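Each chain is listed here by its residues.
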Amino acid sequence: MSQPDSTLKTIVTATILCVVCSFAVSAAAVALRPMQEENKVLDRQRNILDAAGLSMGEFGKPAAELDKEQIETLWDWVSPELVDLETGEVNTDFVGEEAEKYDPREAARKKMTASRSPILNST
């Protein structure tokens, strides 16, 4: 006759519990990914609206206190433009969606890589 609290039963129970919980956490992470991406975009828009002062001017409160519809209403007023910080002029190479998708970190990384690469002489 086996003991009711044997070591094997404890290990099997713990293993099954771990597997079930890991599946639950993985499923939740996959299911919530689109919501996380949407909130990431919304947070970026809130920060931009706060920096521009649009939320205080229109609704009298910071963008963090606005709901999604109010943020979207204000965001319609914003048009993304890239400005060359050295000259102060608007960069017309990136307009509309291209300007929104521009990643300054990636551009800086590319610039650093290009400046470090050796110059090959063909002479």
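Residues numbered from 1 in each chain as written. Predicted model: local features only at pLDDT ≥ 70, side-chain atom pairs only at ≥ 80, totals over all residues. Heavy atoms only, no water.

Considering the state of the cysteines
Summed over all chains, the structure comprises 0 disulfides. Free cysteine Cys18: the closest other cysteine sulfur is in Cys21, separated by 7.0 Å. With a relative accessible area of 54%, Cys18 lands in the exposed category. Its relative accessible area of 42% is what places Cys21 among the partly exposed residues. (Disulfide = S-S within 2.5 Å. Buried < 20%, exposed > 50% of the residue type's maximum accessible area, 1.4 Å probe, protein only.)

Quick look at the environment of Glu58
For Glu58, the position within the fold is in helix 2 (residues 54-59). Here Glu58 falls in the partly exposed class, since its relative accessible area comes to 43%. The sequence separation of Glu58 and Leu74 amounts to 16 residues, and the corresponding C-alpha distance is 8.3 Å. Beyond its immediate chain neighbours, meaning those up to four positions away, Glu58 contacts Leu74 and Trp77. (Helix = DSSP H or I, 4+ residues; strand = E, 2+ residues; numbered from the N terminus. Contact = heavy atoms within 4.5 Å.)

Overview of helix 1 (residues 7-52)
With 46 residues, helix 1 should cover 68 Å at 1.5 Å per step; its first-to-last C-alpha distance of 63 Å lies within 8% of that length. Along helix 1, the sharpest kink reaches roughly 45°, centred on Arg33 and followed within four residues by the proline Pro34. Looking at helix 1, one finds that the buried residues are Leu42, Gln45 and Leu49. In this fold, the buried residues of helix 1 make contact with helix 2 and helix 3 (68-75). Positioned one or two residues after helix 1, Gly53 has a phi angle of 80°, which is positive. (Expected span 1.5 Å × (residues − 1). Bend = angle between axes of the 7 residues up to and from the residue.)

Notes on the packing of helix 1 against helix 3
Where helix 1 meets helix 3, the closest approach of the two axes is 10 Å, and the angle between their N-to-C directions is 60°. With respect to each other, helix 1 and helix 3 are oriented oblique. Crossing of helix 1 against helix 3: the hand is left-handed. Here Glu38, Leu42, Gln45, Arg46, Ile48 and Leu49 of helix 1 come into contact with helix 3, specifically with Lys68, Ile71, Leu74 and Trp75. (Axes fitted to C-alpha atoms, helices over the stretch in contact; angles between N-to-C directions. Parallel < 35°, antiparallel > 145°, perpendicular 65-115°, else oblique. Left-handed = near helix turned anticlockwise from the far one by under 90°.)

Comments concerning the UniProt feature "transmembrane region" (unreviewed entry) in the protein chain
Mapped onto the present numbering, the UniProt feature "transmembrane region" (unreviewed entry) falls at residues 12-32. Note that residues 12-32 is 100% helix and 0% strand, and that its end C-alpha atoms are spaced 30 Å apart. (UniProt positions renumbered as here; feature names shortened; annotations may be inferred.)

Topic: the pattern of salt bridges
For the structure on display, the rule yields 3 salt bridges. Across the pair Glu106 and Arg109 runs a salt bridge, and its minimum N-O distance is 2.5 Å. Remark: Arg109 and Glu106 occur in helix 5 (residues 104-116); sequence separation between them is 3 residues, near one turn of the helix. On the accessibility criterion, Glu106 (31% relative accessible area) is partly exposed. (Salt bridge = Lys/Arg side-chain N within 4 Å of Asp/Glu carboxyl O.)

Quick notes on the side chain of Gln45
Among the secondary structure elements, Gln45 is positioned in helix 1. Classification of Gln45 by relative accessible area gives buried; the value is 13%. Once residues lying within four places of it in the same chain are set aside, the contact partners of Gln45 are Ile71 and Trp75.

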